[in-house]
2 protein chains.
Amino acid sequence: MTNAGQREQDRLYVSPMTRARPYDRDTALDAALTLFWKKGYHATSLKDLEAALQMKPGSIYAAFKSKEALFLLALDRYYQRNRQTLADLQTAHASPLTALAEFLRSFAKAEADDPKRRACMVVRTMLDATEGEAALAVQSRHYLDKMTGEFRAIFDAAKAAGELPEDADTARLARRYQANLTALRIEAQRGLEAAALSDLSEDMACEIEAMRMKKGAESPSAPAN
Amino acid sequence: MTNAGQREQDRLYVSPMTRARPYDRDTALDAALTLFWKKGYHATSLKDLEAALQMKPGSIYAAFKSKEALFLLALDRYYQRNRQTLADLQTAHASPLTALAEFLRSFAKAEADDPKRRACMVVRTMLDATEGEAALAVQSRHYLDKMTGEFRAIFDAAKAAGELPEDADTARLARRYQANLTALRIEAQRGLEAAALSDLSEDMACEIEAMRMKKGAESPSAPAN
DNA sequence: AGTTGTCTTGAGCGATCACTCAATGCTGGT
DNA sequence: ACCAGCATTGAGTGATCGCTCAAGACAACT
């Protein structure tokens, strides 16, 4: 009542005999996500986290158990947001293929706004994970698999909508699409100039939209022409 | 004369009054390359290097100055080898476009042999480099730029050979090709099953080889059909 | 064999790593 | 006003980080 700025976790934590958490879990996780995304798991120290979350080590460990557990929470947050962005594009565009094409273009557009944008955090985590951090390796691959599934579902929807031929291999198309997306975001971090990045995303987006016209195509590797 | 196994550094170090280096610089750099490629810069400790190079810390620093300097030497070695592999394919195949297609296929083939293959070390270094390691960031981007230049030169050769139309944007094609290559190698590390990886490389390779037929194509983003 | 000078050695440097816990605040209930 | 009880604190844990250097080992010369 007194505070209109209440957040989600307040609803989840209403038991008596305890005061509200003085730290804002949502804000803290956002800060952790930003930091981990920017520096990566290995290069981020607890000192960095203390500064970013404005919490002392004891509080961090009381709230998140360990650096790895905190990272996994941040990674999940990252994944859910990407998933939501894609879902929004699906509702915004009637055509599934258009939604996929726009998803690609959106990354080139975002790069124009923020020249310091980073590659996909999930991919980066997968590349960085060592043997001793099996949880990171497993979880990042899990998210990648889920993302492939999302893409495949959209290609399936395109097929159901008549945008793709009945015999289209949607799993294969999904893998190809994800490869494009991964590479595009890496090129963004590489620092490709805006025009070149836009060209690249356009090449990829057109590759998707071109599928709609060619209903006679048999496979993605051998487009009939 | 007594030893047929003499190596490069022996030729570079023939001043009197010194014994031959008891460590094998070539072997040591190979070991460093393997280790750094596998674990990445941050996750590789001096202890790891001591074990892999079979050298004590003092020797490592006497020979290579610092962990970062050693990494840069390993990275250069990595780059030169990739460059050489590509050059070999160019001499093995009369058609530039075929060479590029085979380069892609070779990574899917290599994956079948070694299921633990890693993504491109240069890309990985670029993604990992933090602000404090500017040298790594600069150098990895430098290698990526050089690689783009290599690809462009091959596309130019294809144009000269009549495989591509006169108005083909070879710089743009090179960026698109490099994006494909990067993504393919990341998917390999992700652990994509051999058949799926082979499909992916085939999709990319066919995309290249399909250019040869379509001499009427105006731009890579809008293939005429 | 002795001399010379470089190379190797490995204990150990200060700094930083991820992390812990006894002490201290602060809040809600009475 | 007081108590009960959890959250926060921050100095400090042992381990490990990248790195150094005085001392010893050894080969190439005389």
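Everything discussed here concerns the structure shown above.
The rules behind each value
Residues take numbers from 1 onward in each chain, read along the sequence in its written order. Here the convention is simple: chains get letters from A, ligands get numbers from 1, in the order in which they are written. Where totals are concerned, whole chains, interfaces and linings use all residues; where local detail is concerned, this predicted model gives features only for residues with pLDDT of at least 70, and gives and counts side-chain atom pairs only at 80 or more. Excluded from the side-chain calculation are hydrogens and water; included are all heavy atoms of the structure. Numbering of helices and strands runs from the N terminus, with a helix taken as a DSSP run of H or I at least four residues long and a strand as a DSSP run of E at least two residues long. Burial classification: accessible surface area is computed with a 1.4 Å probe over protein chains only, and a residue below 20% of its type maximum counts as buried, one above 50% as exposed, and the rest as partly exposed. Whether two residues are in contact is decided by their heavy atoms, any of which lying within 4.5 Å being enough. Residue exposure ignores everything except the shown protein chains as possible cover, and the areas themselves are Shrake-Rupley values with a 1.4 Å probe. We define a nonpolar core as any set of buried Ala, Val, Leu, Ile, Met, Phe, Trp, Tyr and Cys residues linked to one another through side-chain atoms lying within 4.5 Å. The superposition of copies rests on a least-squares fit of C-alpha positions from residues with pLDDT of 70 or more in both. Side-chain rings of Phe, Tyr and Trp (the six-membered ring for Trp) are treated as a pair once their centres are within 6.5 Å; stacked means planes under 30 degrees apart, edge-to-face means over 60, and tilted covers the remaining angles.

K.L.:
So what exactly am I meant to see when it comes to the overall build of chain A here?
P.N.:
Within chain A one finds ten helices and zero strands. Shown N-terminal to C-terminal, the secondary structure of chain A runs as helices and strands in the order α-α-α-α-α-α-α-α-α-α. Relative to its 225 residues, chain A shows a buried fraction of 49%. In chain A, of all internal contacts separated by at least 6 residues, the share reaching a separation of at least 24 is 65%. With an accessible surface of roughly 11,100 Å², chain A has 53% of that area assigned to carbon and sulfur atoms.

K.L.:
Can you walk me through the environment of Asp169 of chain B in this structure?
P.N.:
If you trace the backbone, Asp169 of chain B turns up in the loop between helix H8 (134-160) and helix H9 (170-190). Sequence separation between Asp169 of chain B and Ala157 of chain B is twelve residues; the distance between their C-alpha atoms is 13 Å.

K.L.:
I'm lost on the nonpolar core in this one. Help?
P.N.:
Proteins that are soluble and globular tend to have nonpolar side chains buried together. Residues Phe155 of chain A together with Phe155 of chain B are the most contacted members of the largest nonpolar core, which totals 131 residues. In this structure Phe155 of chain A touches Leu97, Leu100, Leu164, Thr170, Leu173, Ala174, Tyr177, Ile208 and Met211 of chain A, once residues within four positions along its chain are discounted.

K.L.:
What is the right way to look at the side chain of Arg176 of chain B in this model?
P.N.:
Note on placement: Arg176 of chain B falls in helix H9. On the accessibility criterion, Arg176 of chain B (6% relative accessible area) is buried.

K.L.:
Would you mind going over the relation of the copies chain A and chain B with me for this structure?
P.N.:
The operation linking the two copies of the chain is a rotation about an axis combined with a translation along the axis. The transformation that overlays chain A on chain B combines an axial shift of 0.0 Å with a rotation of 180 degrees, and the residual RMSD is 0.0 Å. With respect to symmetry, the two chain copies, as superposed, fit the operation of a two-fold axis. Both copies contact each other with a shared surface, as 100% of the interface residues of chain A are interface residues in chain B too.

K.L.:
Could you clarify how one ought to interpret the packing of aromatic side chains in this entry?
P.N.:
The description of an aromatic ring pair rests on the distance of the ring centres and on the angle between the ring planes. Following the criterion strictly, the structure yields 16 aromatic pairs over all chains and no others. Ring centres of Phe36 of chain A and Phe71 of chain A lie 4.7 Å apart, and the angle between their planes is 80 degrees; on these two criteria the pair is classed as edge-to-face. With Phe36 of chain A in helix H2 (residues 25-43) and Phe71 of chain A in helix H5 (residues 67-92), this residue pair connects regions lying 35 residues apart in the sequence. For the pair Phe151 of chain B and Tyr177 of chain B, a centre-to-centre distance of 4.7 Å together with 70 degrees between the ring planes defines the contact as edge-to-face. Taken together, the positions of Phe151 of chain B in helix H8 and Tyr177 of chain B in helix H9 put the pair 26 residues apart, joining distant regions of the chain.

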